[in-house]
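Single-letter residue listing:
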Amino acid sequence: SHVMSEFVRMTDTERDQIDQDAQIFMRTCADAIHQLRTEAHKGVQSAQVKEHRTAVLDFIEDYLKRVCKLYSEQRAIRVKRVIDKKRL
């Protein structure tokens, strides 16, 4: 509790800014993955290399989707708390 007493709470404006930055970052990552996927097979002759790159990009894309899902769940909790506070 001593540590928490020194903790300064974030403002709603700061949370909104973090949300906005996170959404921009996730969109940027998705765009980068898409671009990498487009460029991954250019000039590659080996089927094994193509398969490996596809698998790696699938893994990265899946990881990003899981991160986005976690972010969405946390944001939904925050929104629910705000709504509950307004009801009281």
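Everything that follows concerns the structure shown earlier in this document.
This is a predicted model, so every value here is computed, not measured.

Cut-off values and rules
- Residues numbered from 1 in each chain as written.
- Predicted model: local features only at pLDDT ≥ 70, side-chain atom pairs only at ≥ 80, totals over all residues.
- Heavy atoms only, no water.
- Helix = DSSP H or I, 4+ residues; strand = E, 2+ residues; numbered from the N terminus.
- Rg over C-alpha atoms; globule rule 2.2 N^0.38 Å.
- Buried < 20%, exposed > 50% of the residue type's maximum accessible area, 1.4 Å probe, protein only.
- Contact = heavy atoms within 4.5 Å.
- Salt bridge = Lys/Arg side-chain N within 4 Å of Asp/Glu carboxyl O.
- Patch = residues over 30% accessible without salt bridge, like charges linked within 9 Å, V, L, I, M, F, W, Y side chains within 5 Å.
- Areas by Shrake-Rupley, 256 points an atom, 1.4 Å probe, with all protein chains shown as cover.
- Disulfide = S-S within 2.5 Å.

Colleague: Please provide a residue-by-residue account of the overall build of the chain, values included.
Modeller: Secondary structure summary: the chain contains 3 helices and 0 strands in total. Reading the chain from its N end, one meets helices and strands in the order α-α-α. Computed over the C-alpha atoms, the radius of gyration of the chain is 20 Å, more than 25% above the 12 Å expected from 2.2 N^0.38 for a compact globule of 88 residues. Reported as C-alpha extents along the three principal axes, the dimensions of the chain are approximately 65 × 30 × 15 Å. Burial analysis of the chain (88 residues in total) assigns 9% to the buried set. Intrachain contacts of the chain at a sequence separation of at least 6 include 59% that bridge at least 24 residues.

Colleague: Tell me about the side chain of Asp19, and name the residues and values.
Modeller: Positionally, Asp19 belongs in helix H2 (residues 12-39). For Asp19, the residues in contact, after removing those within four places along its chain, are Tyr71, Arg75 and Arg78.

Colleague: Can you lay out the pattern of salt bridges for me, pointing to particular residues and giving the numbers?
Modeller: Scanning the entire structure with this criterion turns up 11 salt bridges. Among the salt bridges present, the one from Glu39 reaches Lys42, with a minimum N-O distance of 3.9 Å. For Glu39, a relative accessible area of 43% gives the class partly exposed.

Colleague: Which residues make up a nonpolar patch on the surface, and what values do they have?
Modeller: On the surface, Val56, Phe59 and Ile60 cluster together to form a nonpolar patch covering roughly 260 Å² of accessible area. Inspection of the secondary structure puts Ile60 in helix H3 (residues 47-87).

Colleague: Summarise the state of the cysteines; cite the residues concerned and give the values.
Modeller: Applying the stated criterion across every chain yields a total of 0 disulfides. Here Cys29 stays free of any disulfide, with the sulfur of Cys68 as its closest cysteine sulfur at 8.1 Å. For Cys29, a relative accessible area of 22% corresponds to the partly exposed category.

Colleague: Give a description of the environment of Cys29 that names residues and reports values.
Modeller: Looking at where Cys29 falls in the secondary structure, it is placed in helix H2. Taking the C-alpha atoms as reference, Cys29 lies 9.7 Å from Ile60; in sequence the two are 31 residues apart.

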